[in-house]
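Each chain, written out:
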Amino acid sequence: MKTANSIDALRKARAKLRGSVGFVPTMGALHEGHVSLMRRAVKENKHAAVSIFVNPSQFGPSEDLAKYPRTLKQDFALCKKAGVDLVFTPTSEMMYPSGFDSWVEVVELSKPLCGEFRPGHFKGVATIVCKLFNLVQPTRAYFGRKDAQQLAVLTRMVADLNMPLEIVPCETVRESDGLAMSSRNRYLSPAERERALCISRALREVERLYAKGERDAGHLTSVLEAALGAEMDEVQYADIRKLSDLSEFSDKINAPALAAVAGYVGSTRLIDNVVLGQSGKAARK
Ligand code: AMP
């Protein structure tokens, strides 16, 4: 496995890769969710590349940029074990040199859900992923459905800006008790972790009702809200949206839908979602 810690080194290493390249952009603190993306990139391409970069432009001023977990040594070991060929670990100064002034914005898809609570977040995400795509020049890029809005924003960006690559959505990987894996789960105390289970439980209940024929978006939203309200310290949103463009249903669910949740347990912000009405893995244990 090659590691590149500068743009120059990355370009040189990339130039040596012949054939298809599968790419997994990450912020490190890697877990089995990331590993599932890496394994798929390895399996479906001649080569696999991973980036590890905690992107400052996607964090708000009061968010956890400074304390975001950094576990580079373990991350390298996981990449190597998964069969990754190339790991790119740039610094902020390399990605945002002084005078940096070019941004990518996916306008409408960035507005609802997380966009409402994290202004500028998806502009930061779209910009860094665009830059990473320009550097790595992947054939395919792998993203988790856990970050459903990010996946929607980046799929739109690639289509709108004619980027020559395929975005591959990957199912959410969960702990055995249902909690969606996240680098931020390590912030949770044992008691908070227990309370955080209300999220996957609430989403499973919505799946169960949907499977029984419930199509009233308002009712399913209130089921989500009731299940979360008792355990979470703050529910930012609990919403059922059209999967295609994240717009709201006026009444009945009549197209594939995203049931999505975000909020705080203690001081940790957690997100999770399930897709309704389209094949895909459920929030099951
Ligand atoms: P992050 O390091 O949090 O920026 O995540 C990097 C990539 O891993 C993104 O495409 C995430 O959606 C994906 N990812 C994070 N957690 C999971 C999970 N539990 N299951 C599947 N993919 C995940």
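Keep in mind that this is a model prediction, so the values were computed, not measured. (Residues numbered from 1 in each chain as written. Predicted model: local features only at pLDDT ≥ 70, side-chain atom pairs only at ≥ 80, totals over all residues. Heavy atoms only, no water.)

Take the domain arrangement of the chain next. Domain boundaries in the chain define domain 1 (2-170) and domain 2 (183-276). Measuring from the centre of the C-alpha atoms in domain 1 to the corresponding centre in domain 2 gives 26 Å. Contacts between the two partners involve 22 residues from domain 1, matched on the other side by 15 residues from domain 2. Of the roughly 1,800 Å² buried between domain 1 and domain 2, counting both surfaces, carbon and sulfur atoms make up 58%. Ranking the residues of domain 1 by area buried against domain 2 places Leu-113, Phe-117 and Lys-146 at the top, with a combined share of 32%. At the boundary of domain 1 and domain 2, one finds 1 salt bridge. Arg-184 is the salt-bridge partner of Asp-64, the closest N and O atoms lying 2.8 Å from each other. Listing elements by their share of the side of domain 1 that touches domain 2, those giving two or more residues are α5 (114-117) and α7 (148-160). Counting residues per element, the side of domain 1 that touches domain 2 draws most heavily on α7, at 3 residues. For the side of domain 1 that touches domain 2, the residue count by class is 11 nonpolar, 5 polar and 6 charged. (Domains from an automatic or database assignment. Contact = heavy atoms within 4.5 Å. Buried area = accessible area lost by both parts, 1.4 Å probe. Salt bridge = Lys/Arg side-chain N within 4 Å of Asp/Glu carboxyl O. Helix = DSSP H or I, 4+ residues; strand = E, 2+ residues; numbered from the N terminus. Nonpolar A, V, L, I, M, F, W, Y, C, P; charged D, E, K, R; others polar.)

Turning to unusual backbone geometry, a few remarks are in order. At Ala-29, a residue that is not glycine, the phi angle is positive and equals roughly 50 degrees. Position of Ala-29 among the secondary structure elements: in the loop between β2 (21-26) and α2 (32-44). Residue Ala-29 is classed as buried on the basis of its relative accessible area of 1%. (Buried < 20%, exposed > 50% of the residue type's maximum accessible area, 1.4 Å probe, protein only.)

Spatial ordering of the open sheet is given by β1-β4-β3-β2-β5-β6, a layout of 6 strands whose pairing is parallel. If you trace the sheet from one side to the other, it starts and ends with β1 (2-4) and β6 (166-170), each paired once. The mean angle between the axes of side-by-side strands here comes to 25 degrees, regardless of whether they run parallel or antiparallel. Two strands pair when backbone bridges link them, and strand β5 (residues 140-144) and β6 are joined in this way by 5 bridges, in the parallel orientation. Directly across from Tyr-142, in β6, lies its bridge partner Val-168. The sheet contacts of helix α1 (residues 7-15) involve β1, β2 and β4 (86-88), and relative to β4 the element is tilted by about 160 degrees. The strands touched by α2 within the sheet are β2, β3 (47-52), β5 and β6, with β5 carrying the most contacts at an inclination of about 155 degrees. (Pairing = 2+ DSSP bridges. Axes fitted to C-alpha atoms, helices over the stretch in contact; angles between N-to-C directions.)

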